[in-house]
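One-letter residues, chain by chain:
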Amino acid sequence: MQQTPPYTVALDAGHGGFDTGAGCGNLHEVDICEKTVDKLFTLLENNPSFCPVKTRENGEGCSISDRAKKAGEEKASLLLSIHMNYDPSTSQSHGFECFPLPPGRTWSDKSMEIAHWIAEGMGNEGHRLRGNNGIRFAYYSGKRKIIVDAEDNKERTLKSFGILEQVACPAVLVEQCFISNANDRKNWTTEEGCQKAANVYYTAICQYFRVDPQAKPEPSSPLIQENW
Ligand SMILES: [Zn+2]
């Protein structure tokens, strides 16, 4: 894992290929994930302290283990997995939540740190933070998903999301908004909405690595004029 800049940041757009994730009419989760990842990729690419990589190409399917492998091969210092939430039972559920690697893992504390910056940024943009502060832990007991608020920091052997458990660096999975909620769709899934989310993630990544968000690449050296 790279400890000095440029930091490799692995961006994982949820789902892909035949797996389009949750859907609402002709709005597909995977498209919003990819759109947000593209915007965040551009922001990171323009800062000399970062080297963004994608865990998969747009439009392609990819297994969780191959995504984690890609991040590892690229020596990622951080992985951000971007998803949209969906509630089949009611269109009222809304807001933001994110899932750092749970307690007791090598990168738990660092994962919590980046989650904190992201949730704070979303709150500052007026997004509703679900639970106490938008940070939760997810566990699987068989097929059943158990979600607890981050205050419940008991160490559990139950596994969390595969991408978090398999990648060898700090990692957070975000649920950007509910695509089953009209207001969330309006604010967080459009071009502007995805850009706003990407800006929040970018600022949080800069805070986490203590990097100036305004830093620009060195201008290329001017051509030397030869005077004959
Ligand atoms: Zn998803």
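The structure contained in this document is the topic of the report that follows.

With that settled, consider the overall build of the protein. Broken down by element type, the protein carries six helices and nine strands. Against the compact-globule benchmark of 17 Å for 228 residues, the protein has a radius of gyration of 18 Å, which places it among compact chains. For the protein, the spread of C-alpha atoms along the three principal axes comes to 80 × 40 × 35 Å. In the protein, buried positions account for 47% of the 228 residues. Considering only intrachain contacts with a sequence separation of at least 6, the fraction spanning at least 24 residues in the protein is 73%. Carbon and sulfur atoms make up 49% of the accessible area of the protein, which totals about 11,500 Å². Each charge sign in the protein was given a centre, from 24 positive and 30 negative side chains, and these centres are 6 Å apart.

This part takes up helix H2 (residues 64-73). Structurally, the α-helix is built with 3.6 residues per turn, so residues lying three or four positions apart point the same way. Burial in H2 covers these residues: Arg67, Ala68 and Ala71. Looking down the long axis of H2, one finds its buried residues gathered within 95 degrees of arc, a one-sided arrangement. As for H2, its buried residues are in contact with strand S1 (7-13), strand S5 (78-85) and helix H4 (162-166). Immediately beyond the C-terminal end of H2, within one or two residues, lies lysine 75, with a positive phi of roughly 55 degrees.

So, on to the environment of arginine 67. Structurally, arginine 67 can be placed in helix H2. Sequence separation between arginine 67 and alanine 10 is 57 residues; the distance between their C-alpha atoms is 9.3 Å. What arginine 67 contacts, discounting residues up to four positions off in sequence, is Asp12, Ala13, Gly14, His15, Gly16, Thr55, Arg56, Cys62 and Ile163. At a separation of 2.9 Å, a polar atom in the side chain of arginine 67 contacts the side chain of aspartate 12.

One can find serine 89 in the loop between S5 and strand S6 (97-100). Measuring from C-alpha to C-alpha, the distance between serine 89 and isoleucine 205 comes to 34 Å, with 116 residues separating the pair along the chain. Reaching out from serine 89, the side chain makes a polar contact with the side chain of aspartate 87 at a distance of 2.6 Å.

So, about the side chain of glutamate 97. By secondary structure assignment, the location of glutamate 97 is in strand S6. Engagement of the side chain of glutamate 97 in a polar contact is seen with the side chain of asparagine 85, the distance being 3.1 Å. A polar contact of 2.7 Å, which involves the side chain of glutamate 97, links it to the side chain of arginine 136. Setting aside residues up to four positions removed in sequence, glutamate 97 forms contacts with Asn85, Arg130, Gly134, Arg136, Val174 and Glu175.

With that settled, the discussion passes to the sheet that holds strand S9 (residues 171-178). As summarised here, the arrangement of the five strands in space is S4-S1-S5-S9-S6, forming an open sheet in which the pairing is mixed. For this open sheet the edge positions go to strand S4 (50-54) and S6, each flanked by a neighbour on one side alone. Neighbour to neighbour, the strand axes of the sheet diverge by 20 degrees on average, direction disregarded. In terms of strand pairing, S1 meets S4 through five bridges, oriented parallel. Residue pairing across strands places valine 9 opposite proline 52, the latter belonging to S4. Across the sheet, helix H6 (residues 191-209) touches S1, S4, S5 and S9, and the angle it forms with S5 is around 150 degrees.

Across all of its chains, the model carries twelve salt bridges by this definition. As a salt-bridge pair, glutamate 191 and lysine 35 come within 3.9 Å of each other at their nearest N and O atoms. Highlighted residues: glutamate 191 in helix H6 and lysine 35 in helix H1 (residues 29-45), separated in sequence by 156 residues. Under the relative-accessibility criterion, lysine 35 is labelled partly exposed at 25%. Note that lysine 54 is salt-bridged to aspartate 38, the shortest N-O span being 2.6 Å. Here lysine 54, found in strand S4, pairs with aspartate 38, found in helix H1; they are 16 residues apart in sequence, far enough to count as distant.

What counts and what doesn't
Residues numbered from 1 in each chain as written. Predicted model: local features only at pLDDT ≥ 70, side-chain atom pairs only at ≥ 80, totals over all residues. Heavy atoms only, no water. Helix = DSSP H or I, 4+ residues; strand = E, 2+ residues; numbered from the N terminus. Rg over C-alpha atoms; globule rule 2.2 N^0.38 Å. Buried < 20%, exposed > 50% of the residue type's maximum accessible area, 1.4 Å probe, protein only. Contact = heavy atoms within 4.5 Å. Areas by Shrake-Rupley, 256 points an atom, 1.4 Å probe, with all protein chains shown as cover. Lys, Arg positive; Asp, Glu negative; His and termini not counted. Charge placed at Lys NZ, Arg CZ, Asp CG, Glu CD. Arc of directions from axis to C-beta. Polar contact = N/O pair within 3.5 Å; in protein donor to acceptor, adjacent residues only side chain to side chain. Pairing = 2+ DSSP bridges. Axes fitted to C-alpha atoms, helices over the stretch in contact; angles between N-to-C directions. Salt bridge = Lys/Arg side-chain N within 4 Å of Asp/Glu carboxyl O.

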